[in-house]
Structure formats: structure tokens, C-alpha cells
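Spelled out, the chains give:
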Amino acid sequence: MSTRVALDTSALMMPVELDVRLFDELERVIGAAELVAPQPVIEELRRLSEKGGTEGTAASVGHDLATERCLVVDTEESYADDALVELAREGSVDYVVTNDRPLRDRVLEASIPVLALRGRNKLAITQP
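So, a few notes on the structure that sits alongside this text. Numbering of residues starts from 1 in every chain and runs along the sequence as written. Local features in a predicted model are, by the rule used here, given only for residues with pLDDT of at least 70; side-chain atom pairs are given and counted only at 80 or more, and totals for whole chains, interfaces and linings are based on all residues. Calculation of side-chain values draws on the structure's entire complement of heavy atoms; hydrogens and water are dropped beforehand.

A look at the pattern of salt bridges
Stage number 1. One side-chain nitrogen of Lys or Arg within 4 Å of one carboxyl oxygen of Asp or Glu is enough to make a salt bridge. Here the structure, examined in full by the defined rule, presents nine salt bridges.
Stage number 2. Across the pair glutamate 43 and arginine 46 runs a salt bridge, and its minimum N-O distance is 3.0 Å. Highlighted residues: glutamate 43 and arginine 46, both in helix H3 (residues 39–49), separated by three residues, approximately one helical turn.
Stage number 3. We classify glutamate 43 as partly exposed; its relative accessible area is 27%.
Stage number 4. Residue classification places arginine 46 among the partly exposed residues on the basis of a relative accessible area of 34%.
Stage number 5. Glutamate 50 is the salt-bridge partner of arginine 46, the closest N and O atoms lying 3.1 Å from each other.
Stage number 6. Partly exposed residues are those whose accessible area sits between 20% and 50% of the maximum for their type, while under 20% is buried and over 50% is exposed, using a 1.4 Å probe and protein chains only. We classify glutamate 50 as exposed; its relative accessible area is 60%.
Stage number 7. Within the structure, one salt-bridge network assembled from shared partners comprises Glu25, Arg28 and Lys122. Strands are runs of DSSP state E lasting at least two residues, helices are runs of H or I lasting at least four, and both sets are numbered from the N terminus onward.

Below is the structure:
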């Protein structure tokens, strides 16, 4: 089975907000992987994209990246963070990518490593 990596809303907004080459960084840190985005993350990006401004642009780009490059998965949870924790607890993913500290802590509690920004534009793994 290939490595499965779940992306949260903040991760998908990194390319615009933080000038991070997200997919290149994922490849550099963990190699080839199947990328997944829970449906609630897609919905959150869609809602944020309607706001306009920098955040809206970042969310719009993130939404496009998610729908083009990720497998969109359904979950029982309707809130994006809860959906990612659900995937982690089920063992459905090998990593979660997020810059959200409370979410990171919840995923680590589920014994799943987290990829987060370290420094200006590099991803690093935090082990549980």
C-alpha cells in the first residue's frame, strides 16, 4: 500500500499564503504518496474562497489544488479538523499535513505523524 497523506485547509493554503511549494516539499520529505483531502476541508476552502482578499485567493487556489491533486474522501465528521482526526484514528492515513497547532496535537495523540512548516518554507515531520 502506498503512503497516504491527508491535507488540511491550512496546508492547502500554504502555496499562496506562505509561498511554500507544497507538493515539491511533500515529495522531498516522504517521497511519492497518495494525497487525500476530507470533504469538509474542500467545503471549508470553498467557503473561505468566497471571502475575497488574500485569504480568499489562497483558499481558492487551495480548493483547486485539492480537487485536482487529491483524492477527496467522505468522513462521518462534518468539521474539517474532526474529519482529519477521524482519518488518523482509523489508520486511514500515514501522515497529516497542517500548520494548525491544536489539530497537530490531536493527530499526534492518535499516533499519526504530522508534517508542518519548519522555518520559512520547508516541511518537517513531527513524530507522535
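Examining H3
Stage number 1. Taken together, the buried positions of H3 are occupied by Pro40, Val41, Ile42, Leu45 and Leu48.
Stage number 2. Residue contacts follow a heavy-atom distance rule, with two residues in contact if any of their heavy atoms lie within 4.5 Å. Elements in contact with the buried residues of H3: strand S1 (4–7), helix H1 (9–17), strand S2 (34–38), helix H4 (53–69), strand S3 (71–73) and helix H5 (80–90).

So, the side chain of threonine 98
Stage number 1. Looking at the secondary structure, you find threonine 98 in the loop between strand S4 (95–97) and helix H6 (101–109).
Stage number 2. N or O atoms within 3.5 Å of each other form a polar contact, as long as, within protein, one can give a hydrogen and the other can take it, and as long as residues adjacent in sequence are counted only when both atoms are side-chain atoms. Within polar-contact distance, the side chain of threonine 98 engages the side chain of aspartate 8 at 2.5 Å.
Stage number 3. If we ignore the near neighbours within four places in the chain, the residues touching threonine 98 are Asp8, Ser10, Leu103, Arg104, Val114, Leu115 and Ala116.

Thoughts on the packing of H1 against H3
Stage number 1. Orientation is described by lines fitted to C-alpha atoms, with helices fitted over the stretch in contact, and by angles between N-to-C directions that extend from 0 to 180 degrees. Viewed as axis vectors pointing N to C, H1 and H3 meet at an angle of 45°, and their least axial separation amounts to 9 Å. Put simply, H1 runs oblique to H3. Mapping the contact onto sequence places Thr9, Leu12 and Met13 in H1 and Val41, Glu44, Leu45 and Leu48 in H3.
Stage number 2. When grouped by side-chain class, the residues that make up the contact of H1 with H3 number five nonpolar, one polar and one charged. Orientation categories follow fixed angle ranges, with anything under 35 degrees roughly parallel, anything over 145 roughly antiparallel, 65 to 115 roughly perpendicular, and all other angles oblique. Classification convention: Asp, Glu, Lys, Arg as charged; Ala, Val, Leu, Ile, Met, Phe, Trp, Tyr, Cys, Pro as nonpolar; all other residues, Gly among them, as polar.

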